[in-house]
Structure formats: C-alpha cells, structure tokens
Amino acid sequence: MGDDLAQLRVRAAELADLHGVTGLLHWDQHTTMPPAGGATRAERLATLDAVTHARLTDPALGRLLDALEPRLRDEDPDSNDVRLARRLRRDHEKAVRIPAELSAELTRAASLGQEAWLDAHQAGDFGRFRDALERQVELRHRYVALFGEAEHPYDVLLDDYEPGMRTAEVVPVLAELRDGLVPLVQATAGPDEEPRNAGVFAGPWDVATQRHAVLDVLGAIGYDPDAWRLDPAPHPFAMGMGPGDTRITTRYDEHDFGMALYSVLHEFGHGLYDARHAPELARTTLDAPASLAVHESQSRMWENLVGRGRPFCVWVLPRLRETLGGGLPPGLDADGLFRAVNAVSRSLIRVEADETTYNLHVVLRFELELALIDGTLAVDDLPAAWNARMLSDLGVEVADDREGVLQDIHWGMGAIGYFATYTLGNLVAAQLWRRLRADVPDLDAAIETGDFAPLREWLGEHVHRHGRKFDTRELLARVTGEGLSPQPFLGYLRAKLKDTGALPPGA
Ligand code: ZN
C-alpha cells in the first residue's frame, strides 16, 4: 500500500501543480496581460487543459484508486489519505464520462456565448443572445445525459460547483429565504433606488489614496505583504497560488470608495481561505475550497458580517479619516457609518445590490435557470419572466434588457448551476457566524479594538485548514451540527435592520 499511496500522492501533486499554473495564467490574463495577448493565451490554456484532462482521466489513475480502495477501508474515514482517494476518484469518474468531442464543444460554446452576450449586452437586445443561450441549454442537456442516474437533471449542473448538493435540498431553502426577504425589503426599502452606502463614500478620492487606505485596513486584518499581492482588475477576484502566494484584486471608483473597501474585504475573505489550508495538504489537490458556497461564505463574512458590522465601523472610521485625508462627510460618526453601509435600496443590478436585497436577485436567477433546464420555461419567454419576478420580488420595473436579463455574463459562458452558490454562501456564512459568536463571546470587543486574530483563528481551525476534505454539508454539520438553513441568515439580518433603525424594534 505504501507504494500505491506514494504513487497517488505524486499524481495528486502533478494535478495540483497543473491547476496552479492554469490559475497563474488566468490571474495574469485578468490583471497584467496586454489586450492583444488574448488569442495566444487561449491556445496556451487549451493545451494546459488538455494535459490536465489527460492526467485526470488516465486509466492508470483509476487502477491505482481501485487497488487502494480495499486497503483504505480500514483507515480513519476522515484521514487525509482516505479523503484524497475519495476526492480524486470523484474527479476522475466525472472527467472520464465527458467525451473529448463534447468537452471541446462546451469550451467553444462558452467562448461564442460570451461574445454573443457582450454584443447583446452592449445593444441591450436579448434577441442577439437568444440563440447562444438556447445552444447552452441544449449542451447542458447533453452533459446531464452523461450522468443518467441523477435524481434531477439540474443536480448534475449544481454538482460541478457544489459537490454533492442536490436540487431537492436547495429549492425549499431558497424559497423559504425568498419568502422571508420579500416582506423585509418591503418594510425597509424606500420607493426608489438610492446611492450605494447612502452616499457616504462619494469622495472623490484618487486611486493612490484609495489604495493606501485599503492596504492599511488589509494590513490590520491579516494581509501579509510578503505573501500577498493586491492588484487592480475590472472584475475583482482572488486567487491562491499555494503557500506563500495569495493574490487579490480590487476595482477603484473615484466616486465610491465603498467599491474598493468592500471588494477588498470580500476578496480578502477568499484569499485567507486559500492561504490557510493545512500545510500537509499542500500539493495534494485537497488544498482547495470545499465548494463555491463555502468559498463565498468566507468572502461574504468579511465583507458583510464583519465589514458592515457595528464594531468594525467603530474601528475603521477614525482610520479612514486618517488614511483618506478628508473627504468623508464631516458629521459622520460610527453609528451613521453603520446605518449608511446597511441601507436597503431597491436595485436592478445584482452586483450593486445591498446585503438585504442581494439574495432576491440570486434566487430569481436560480429559479429561472432551473425552469430553463427542466423545460418549463422557453428561452424566448425568459425576459418577460425575469421582468415579472423583478417586479414581484424587488418591486422594480425593468426598462431594458441590459439592466435586466442581460446583466450577468454567467449564462453566456454556460455557467448554469453557479448562481445558487452565491446565496448558499451567504446562508453558510450566517450559520458559521452564529457558532463563532457562541465560541468567541468577546468577538465584538476584539473587532472594535482592531484585534482580528480570534476571528482568523476560529475560521482557520474550523474551516480553512480542511481544504476540500469535507463538502459543504459535512463541514456545516461538523461545525454547527445543523443542515443548510435560511433562518440564521434571516435572523441575523432582522436583528441588524432593527439595530440600524430600518425595522421597528417589535417587528
Ligand atoms: Zn466572491
């Protein structure tokens, strides 16, 4: 067994390295690559994908896993070796089901779909996108058919982003969440869209000043300049390259410092997760996120539960007054900042939505894409269905498709099954947060004085170090003893909206 295990570890290390190189090429493409490099980069990435796919589908890997299986049966089921074998088996078995021809087709459709989306988005004309979207739906059906035993066709799509999660689990959870959120938005939002964060970050501030201010905040919460980088990018993201190399990005808006501040907190949460998998998991492929929902739970926790919390506002305001060198409203105090960054506003655009309305945008997308996949909604009827839901859930009229059904790139890329993970991440964050607050009773006092170590340590111990050893459901059960539920999130939100004064105390 020693030899077989050693061989498995060598193969895992190669796969982990290939993923790392692929990540590095993507990071470079979205931060520093000259625009004309796109075509060459696409070829490099396609070759690297093919090499990775060949390693993963190698029949010798399957034989190795078969040989190890009976012998690992007697080991601790939570040991790194058992988990490594289980995860690699899953990766291998999924990859071998996909014929090379379909895989190439999916890649091509993703690229064409993005182009069609870009064109339709610019023109605000859904008609220019409908064929590409229909093609994506057809291809998903062909993909789903490869996994004939699934309970629901959408399970197969969801599983690519949220391993092991089933449609039947997610549907009632998100419906319960929507039913809790719709009246909450009605009770707390004004009739019209309002400036983000109630306009307190309107500035203006130049990029250098904003970078200085966000690096100061990052340094205090756990960013290590020897192991991290911060670069500008049009669509902020984070990427962990392995131990000692964590890269985050942000966007600077001269008239909204909140953009840089909250995107930096968000990406810091992703980066911290990537950076703190247990050292013994390095180069095993277990040094990866459990799922997109768990990844997003970490980013949203720092952005919202921490960054939009009262203790953080108390701590950060005097610091920002110093680092931004003026420009914040003179009379603004910590209470005012807390109320401003939690203001509820009806919004058309998901990525600009506040914490209270955000998940309604996601649930709407989830339910519409589910209907596209199970055949109860035709592509041609999508814009009208979208607009009707925006009105019933958020109370806003969609005047044109650019600000409606065409606002996100995901469906054009074929990322169907992805949206739900944003909201699942918010729910997981609230469930973890409740446990964290019970375990660390003086958390608020620590944050108020700028001591973020207890928070980082708790997350490291309960979430970060495990990498992808456990899936979302297992992780939640281990940490909180619960299954997925929208109630901790709804309870947290109601309490906060009472604290800001948006909801009356007895509501
Ligand atoms: Zn994120």
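Residues numbered from 1 in each chain as written. Predicted model: local features only at pLDDT ≥ 70, side-chain atom pairs only at ≥ 80, totals over all residues. Heavy atoms only, no water.

## Some details on unusual backbone geometry
Going from Gly203 to Pro204, the amide bond is cis rather than trans, its omega being 5 degrees. Structurally, Pro204 can be placed in the loop between helix H8 (167–188) and helix H9 (207–221). One non-glycine residue, Arg283, lies in the positive phi region at around 60 degrees. Structurally, Arg283 can be placed in the loop between helix H10 (257–275) and helix H11 (292–306). The phi dihedral of Thr285 falls on the positive side, at around 75 degrees, and the residue is not glycine. By secondary structure assignment, the location of Thr285 is in the loop between H10 and H11. Exposure remark for Thr285: the relative accessible area of 8% places this residue in the buried category. (Helix = DSSP H or I, 4+ residues; strand = E, 2+ residues; numbered from the N terminus. Buried < 20%, exposed > 50% of the residue type's maximum accessible area, 1.4 Å probe, protein only.)

## A closer look at the domain arrangement of the chain
How big an interface is tends to be stated in terms of accessible area lost as the parts join. With domains assigned, the chain is organised as domain 1 (2–149) and domain 2 (168–500). Of the roughly 3500 Å² buried between domain 1 and domain 2, counting both surfaces, carbon and sulfur atoms make up 63%. Summed over the shared surface of domain 1 and domain 2, the number is seven salt bridges. Arg87 is the partner of Glu474 in a salt bridge, and the nearest nitrogen-oxygen pair spans 3.7 Å. Of all the secondary-structure elements, those providing two or more residues to the side of domain 1 that touches domain 2 are helix H1 (2–31), helix H4 (80–97), helix H5 (100–123) and helix H6 (130–145). Taken together, the residues of the side of domain 1 that touches domain 2 sort by class into 16 nonpolar, 14 polar and 11 charged. (Domains from an automatic or database assignment. Buried area = accessible area lost by both parts, 1.4 Å probe. Salt bridge = Lys/Arg side-chain N within 4 Å of Asp/Glu carboxyl O. Nonpolar A, V, L, I, M, F, W, Y, C, P; charged D, E, K, R; others polar.)

## Remarks on the packing of aromatic side chains
In this structure the tally under the stated criterion is 19 aromatic pairs. Between Trp315 and Phe452, the aromatic rings sit 5.1 Å apart at their centres with planes inclined by 75 degrees, giving edge-to-face as the arrangement. In this pair, Trp315 sits in helix H12 (residues 310–323) while Phe452 sits in the loop between helix H18 (443–448) and helix H19 (453–462), placing the two residues 137 residues apart along the sequence. Phe452 matches Trp315 in its accessibility class, with the two residues each being buried. Judged by centre distance (6.2 Å) and plane angle (90 degrees), the ring pair of Trp386 and Trp411 falls under edge-to-face. Here Trp411 lies in helix H16 (residues 410–413) and Trp386 lies in helix H15 (residues 382–394), a separation of 25 residues in the sequence. For the pair Trp386 and Trp411, a shared accessibility class is recorded, and that class is buried. In this structure, Lys94 is placed above the aromatic ring of Phe147, and the distance from its NZ or CZ to the ring centre is 5.9 Å. Lying over the aromatic face of Trp27, Arg247 brings its terminal NZ or CZ to 4.5 Å of the ring centre. (Phe/Tyr/Trp six-rings, centres within 6.5 Å; stacked < 30°, edge-to-face > 60°. Lys NZ or Arg CZ within 6 Å of the ring centre and 35° of its normal.)

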